Amino acid sequence: MTIKAGGAQTGGCLAQIETNDRLGTATPFHVHHNEDETFYVVEGAVLLLVDGERIDLAAGDYAFAPRETTHAYIVRSRRARMLTTLIPAGLEEVFVALGVPVAGADRPPEHATPAVHEVIRRFGAYGCEVVGPPPTLADLRASAT
């Protein structure tokens, strides 16, 4: 995950984050009480679930999840790169706090992932409520039959 622009660079208007995830990577179902969120797929395939609606996204596709909607995504291809925009900025600071800074082409060092309850607490402090576990590829296969 790379923060391309945060509140400091945009006067708090928006934050843009690039993700580069492998097959099966998913976010938990969550609700932003303060931000709208957009998703632009640069490469790969992603399934976005917004208030129960399935939105299949491939390279070049764009989707919008308004604040106060329950949403999550799962990567459906070997890898997927996305640009995610949060409007307004602020929530990206949780990723900064939980992450490990990396410069240039360096790979991030191995580090312990915080406990789930700590991640939920930190997101909650920014008005982002985790409301369910992440979708899985098995869930998607079961719902397709």
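Below: a short report on this structure. (Residues numbered from 1 in each chain as written. Predicted model: local features only at pLDDT ≥ 70, side-chain atom pairs only at ≥ 80, totals over all residues. Heavy atoms only, no water.)

**Examining the overall build of the protein**
Then step 1. Helix and strand counts for the protein stand at four helices and 10 strands.
Then step 2. Helices and strands in the protein line up, N terminus first, as β-α-β-β-β-β-β-β-β-β-α-α-β-α.
Then step 3. Split into buried and exposed, the 145 residues of the protein put 35% on the buried side.
Then step 4. If you take every contact in the protein between residues at least 6 apart in sequence, the share linking residues at least 24 apart comes to 74%.
Then step 5. For the protein, the accessible surface area stands at approximately 8200 Å², while carbon and sulfur atoms represent 56% of it. (Helix = DSSP H or I, 4+ residues; strand = E, 2+ residues; numbered from the N terminus. Buried < 20%, exposed > 50% of the residue type's maximum accessible area, 1.4 Å probe, protein only. Contact = heavy atoms within 4.5 Å. Areas by Shrake-Rupley, 256 points an atom, 1.4 Å probe, with all protein chains shown as cover.)

**What about the sheet that holds strand 7 (residues 62-65)?**
Then step 1. Strand order in this open sheet of five strands is 1-2-9-4-7, and the pairing throughout is antiparallel. Of all strands in the sheet, those with a lone pairing partner are strand 1 (2-5) and strand 7, marking the two edges. Geometrically, the sheet is characterised by an average inter-axis angle of 25° between neighbouring strands, direction not taken into account. (Pairing = 2+ DSSP bridges. Axes fitted to C-alpha atoms, helices over the stretch in contact; angles between N-to-C directions.)

**Quick look at the side chain of D21**
Then step 1. Take D21: it is sitting in strand 2 (residues 15-22).
Then step 2. No salt bridge forms around the buried D21; measuring N to O, its nearest opposite-charge neighbour R79 is 5.9 Å away.
Then step 3. At a separation of 3.1 Å, a polar atom in the side chain of D21 contacts the side chain of Y73.
Then step 4. Here D21 is in contact with Y73, V75, R78, R79 and A80, once residues within four sequence places are set aside. (Lys, Arg positive; Asp, Glu negative; His and termini not counted. Salt bridge = Lys/Arg side-chain N within 4 Å of Asp/Glu carboxyl O. Polar contact = N/O pair within 3.5 Å; in protein donor to acceptor, adjacent residues only side chain to side chain.)

**Things to note about the packing of aromatic side chains**
Then step 1. Under the counting rule described, the total for this entry stands at two aromatic pairs.
Then step 2. With a centroid separation of 6.2 Å and an interplanar angle of 70°, the aromatic rings of F39 and Y73 are classed as edge-to-face. Residue F39 is found in strand 4 (residues 36-43), and its partner Y73 is found in strand 8 (residues 70-75); the two are separated by 34 residues along the sequence. Taken individually, F39 and Y73 each receive the classification buried, so the pair is uniform in this respect.
Then step 3. Aromatic side chains F95 and F123 sit 5.4 Å apart centroid to centroid with 70° between the ring planes, which places their arrangement in the edge-to-face category. Taken as a pair, F95 in helix 2 (residues 92-98) and F123 in helix 3 (residues 116-125) lie far apart in primary sequence, 28 residues in all. (Phe/Tyr/Trp six-rings, centres within 6.5 Å; stacked < 30°, edge-to-face > 60°.)

Don't take any of this as a statement about function, it's just geometry.
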